[in-house]
Amino acid sequence: MQLKSRREIELIRRAGLVVWEAHQLMSQLLKPGVTTGELDAAVEEFYKTRGAMPLFKGVDTGGTPYPSVTCISVNEEVVHGIPGRRRINEGDIVSIDTACRLEGWCADAACTYGVGTIDTDSKRLLDITEATLKLAIDAMGRCIYWSQVATEMAAFVRDAGFSVVEEFVGHAIGREMWERPQVPNFWTKKHRPWDFKLRPGLVLAVEPMVNSGARNVLLLDDEWTVVAADRKRCAHFEHTIAITEEGPKVMTLGPDGQGWAI
């Protein structure tokens, strides 16, 4: 576990602002008819203008390197959707995840957007998933151990009638995008070795992923895109959050605190 100084947290915040700007750009472009590839290309060009290094492109987990600077997952896709020719339609829900390194420090954030008018069930799914992230941020200021936060997150999702995706978790973040410890959105006794104390200087990427149906997921043949096994809709919200002496501070909000889950 690598604790960060106040100065280092300030540098992470700079990277977080760039990630927030990237999300603002995507939310403006996200309209019926746009392709996921066009969204990705816009973000890649944006990062160049800010002198930021995108962190997803080229990631290699032993198979096909990830080809894009964003993960764009539509409807039944949970995470790691590869941008391409798919056109966005009215009523879709679109999860966009992106991260960058600026001046040696990383930030990571995801948000699920509704395109135009979405159905009532989808709206509730987005509301509950976003509220789960907000709950986690609030709990980080009053809990001692991550297991307490994760237990509250999972209970909130399940009480709402949805499912927590358990195959993917959040992570600490700093000079590298993925640092220890891992940050699960649920808790069981077998995860006890993962537990850690919430200490000032810890910076975490917290990212609840919620399915409207069962929690089971499948990996598609492209080796990256993960979908709900029952093909029901999914949502994903994420912020990079620093724990400070004054409480949790979100690194990936706008300059005036704009964003999601606040």
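Residues numbered from 1 in each chain as written. Predicted model: local features only at pLDDT ≥ 70, side-chain atom pairs only at ≥ 80, totals over all residues. Heavy atoms only, no water.

## A word on the overall build of the chain
Argument step 1. Within the chain, the secondary structure is distributed over four helices and 15 strands.
Argument step 2. Seen through its principal axes, the chain has C-alpha atoms that stretch 45 × 45 × 40 Å.
Argument step 3. For the chain, the residues scored as buried account for 55% of the 262 residues in total.
Argument step 4. Once the 30 positive and 36 negative side-chain charges of the chain are each reduced to a mean point, those two points are 4 Å apart. (Helix = DSSP H or I, 4+ residues; strand = E, 2+ residues; numbered from the N terminus. Buried < 20%, exposed > 50% of the residue type's maximum accessible area, 1.4 Å probe, protein only. Lys, Arg positive; Asp, Glu negative; His and termini not counted. Charge placed at Lys NZ, Arg CZ, Asp CG, Glu CD.)

## Notes on the packing of helix α3 (residues 120–139) against helix α4 (residues 146–159)
Argument step 1. Running from N to C, α3 and α4 cross one another at 155°; their axes reach a closest spacing of 9 Å. Of the possible angle classes, the one that applies to α3 and α4 is roughly antiparallel. Viewed along their axes, α3 and α4 form a crossing whose handedness is right-handed. Side by side, α3 and α4 meet where Ile128, Ala131, Thr132, Leu135, Ala136 and Ala139 of the first sit next to Val149, Glu152, Met153, Phe156 and Val157 of the second.
Argument step 2. Here the contact of α3 with α4 is built from residues that sort into nine nonpolar, one polar and one charged. (Axes fitted to C-alpha atoms, helices over the stretch in contact; angles between N-to-C directions. Parallel < 35°, antiparallel > 145°, perpendicular 65-115°, else oblique. Left-handed = near helix turned anticlockwise from the far one by under 90°. Contact = heavy atoms within 4.5 Å. Nonpolar A, V, L, I, M, F, W, Y, C, P; charged D, E, K, R; others polar.)

## Things to note about the layout of surface pockets
Argument step 1. Within this model, the largest pocket holds a volume of roughly 780 Å³.
Argument step 2. What lines the largest pocket is a set of 32 residues, among which Phe168, Val169, His171, Trp178 and Gln182 lie closest to the centre.
Argument step 3. Breaking the lining of the largest pocket down by element, the ones donating at least two residues are β7 (170–172) and β8 (179–183).
Argument step 4. Sorting elements by how many residues they give to the lining of the largest pocket places β8 first, with four residues.
Argument step 5. Taken together, the residues of the lining of the largest pocket sort by class into 17 nonpolar, six polar and nine charged.
Argument step 6. Counted as a void, the second largest pocket has a volume near 200 Å³.
Argument step 7. The wall of the second largest pocket is formed by 13 residues, among which Arg6, Ile9, Thr244, Glu246 and Lys249 lie closest to the centre. (1 Å grid on protein atoms, 1.4 Å probe; cavity = no way out; pocket = protein on both sides within 12 Å on 5 of 7 lines; lining within 4 Å. Points joined across faces, edges and corners; volume = space filled by probe spheres on them.)

## So, the environment of aspartate 40
Argument step 1. Secondary-structure assignment places aspartate 40 in helix α2 (residues 36–50).
Argument step 2. Residues aspartate 40 and cysteine 71, 31 residues apart in the sequence, show an inter-C-alpha distance of 8.3 Å.
Argument step 3. Residue contacts for aspartate 40: discarding those within four places in its chain leaves Ser68, Val69, Thr70, Ile72 and Pro83.
Argument step 4. Of the polar contacts made by the side chain of aspartate 40, one reaches the backbone nitrogen of valine 69; its length is 3.0 Å. (Polar contact = N/O pair within 3.5 Å; in protein donor to acceptor, adjacent residues only side chain to side chain.)

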